[in-house]
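# Architecture and fold: a report
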Amino acid sequence: MFTLAVLIGGNAVFVRAWSRWGGAAPLNRAELMAVYTCVSVGSSLSGVDRMFVLVPLLGHASWFATPENDWAGLFQQHIPRWLTVSDRSVLSGYYNGLSTLYTGAHLRAWLPVVAWWSVFLVAAHLVMLCLNIVVRRQWIEGERLSYPVIRLPVEITEPRGAFFRSEWMWVGFAVGAVIDIVNG
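Small disclaimer: the values here were computed from a predicted structure and weren't measured.

### Brief notes about unusual backbone geometry
We note that D70 has phi near 55°; this positive angle belongs to a residue other than glycine. Here D70 is to be found in the loop between helix 3 (48-63) and helix 4 (71-74). Overall, the relative accessible area of 38% leaves D70 in the partly exposed class. The backbone of L98 shows a phi angle near 55°, a positive value even though the residue is not glycine. Residue position: L98 is located in the loop between helix 5 (88-96) and helix 6 (104-142). Residue L98 is classed as exposed on the basis of its relative accessible area, which comes to 92%.

### Re helix 6
For helix 6, built from 39 residues, the straight-helix expectation of 57 Å at 1.5 Å per residue is met to within 8% by its first-to-last C-alpha distance of 56 Å. Bending of helix 6 peaks at approximately 50° at the position of V135. Residues of helix 6 that are buried make contact with helix 3 and helix 5. Looking one or two places after helix 6, you find R144, whose phi comes out positive at around 55°.

### Remarks on the nonpolar core
Within the largest apolar cluster, 10 residues are counted, these being L54, L58, W63, V85, V90, L91, A109, W110, V113 and L121. Within the residue set of this core, elements represented by two or more residues are helix 3, helix 5 and helix 6. Examining the composition of this core, we find that 4 residues originate from one element, helix 6, more than from any other. Those residues in contact with L91, other than ones at most four positions away along the chain, are G59, S62, W63, V85, S86 and W110. By size, the runner-up hydrophobic cluster in this structure holds 7 residues, among which are L4, I8, L32 and I156.

### Here we look at the state of the cysteines
One pass over the structure, following the stated rule, counts 0 disulfides. This cysteine, C38, is not joined by any disulfide, and C130 carries the nearest cysteine sulfur, 19 Å off.

### Points about the confidence of the model for the chain
Looking at the chain, the pLDDT average stands at 86 and 95% of residues meet or exceed 70. Per-residue pLDDT, averaged within each element of the chain, yields its smallest value for helix 7 (residues 148-156) (81) and its largest for helix 9 (residues 167-183) (94).

### A word on the pattern of salt bridges
Scanning all chains against the criterion turns up 2 salt bridges. Across the salt bridge formed by R29 and E158, the nearest N and O atoms sit 3.8 Å from each other. Placement of the pair is R29 in helix 2 (residues 29-45) and E158 in the loop between helix 7 and helix 8 (162-165), with a sequence separation of 129 residues. Residue classification places R29 among the partly exposed positions, given a relative accessible area of 31%. Here E155 ties to R151 by a salt bridge, and the two come within 2.7 Å at their closest N and O atoms. Taken together, the positions of E155 and R151, both in helix 7 and 4 residues apart, correspond to about one turn of that helix.

### Some points on the side chain of Q76
Relative to the elements of secondary structure, Q76 occurs in the loop between helix 4 and helix 5. Relative accessible area serves as the criterion here: at 12%, Q76 is assigned to the buried category. Each residue touching Q76, except ones within four places of it in the same chain, is listed here: A61, S62, A65 and W71.

Definitions and cut-offs
Residues numbered from 1 in each chain as written. Predicted model: local features only at pLDDT ≥ 70, side-chain atom pairs only at ≥ 80, totals over all residues. Heavy atoms only, no water. Helix = DSSP H or I, 4+ residues; strand = E, 2+ residues; numbered from the N terminus. Buried < 20%, exposed > 50% of the residue type's maximum accessible area, 1.4 Å probe, protein only. Expected span 1.5 Å × (residues − 1). Bend = angle between axes of the 7 residues up to and from the residue. Contact = heavy atoms within 4.5 Å. Core = buried A, V, L, I, M, F, W, Y, C linked by side-chain atoms within 4.5 Å. Disulfide = S-S within 2.5 Å. pLDDT = per-residue confidence, 0-100. Salt bridge = Lys/Arg side-chain N within 4 Å of Asp/Glu carboxyl O.

Here is the structure:
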């Protein structure tokens, strides 16, 4: 939403300057929605939840396995070696710091694992896309389900700017901003 708001603000500034020479808006509604879609998909693929959770898990079972917790005997034999980094000398640089990824040993250990996880994640996203294609017609045309998450960018990109002229939008924005500021 922030990216979309910045683009709309920049668009408005550019339109005022450009209108003196008779030009049109630099980005039309379809282009703004395309940018919003690309940013949404990109942030879902590389978002905080994905990287902050997945990357530490790649070596977690090997690094924290001790004789006391017996992880090696309990479940490590069930974890495929090609999906985890198990070399403790490589993991030492990751968990203890004072190292770099850009050494031959580190790259040989991490790149195949990252490649296999990338293949899995792309396949999972393709499956979700295909499922959406399968159920789309029934959802949208048969059951007429609305998608509230898309209503906001559609309203924001309204060419006449009615969204930003609404008093209720500014009241809601102010209530949310006050709550966020108080919590901060």
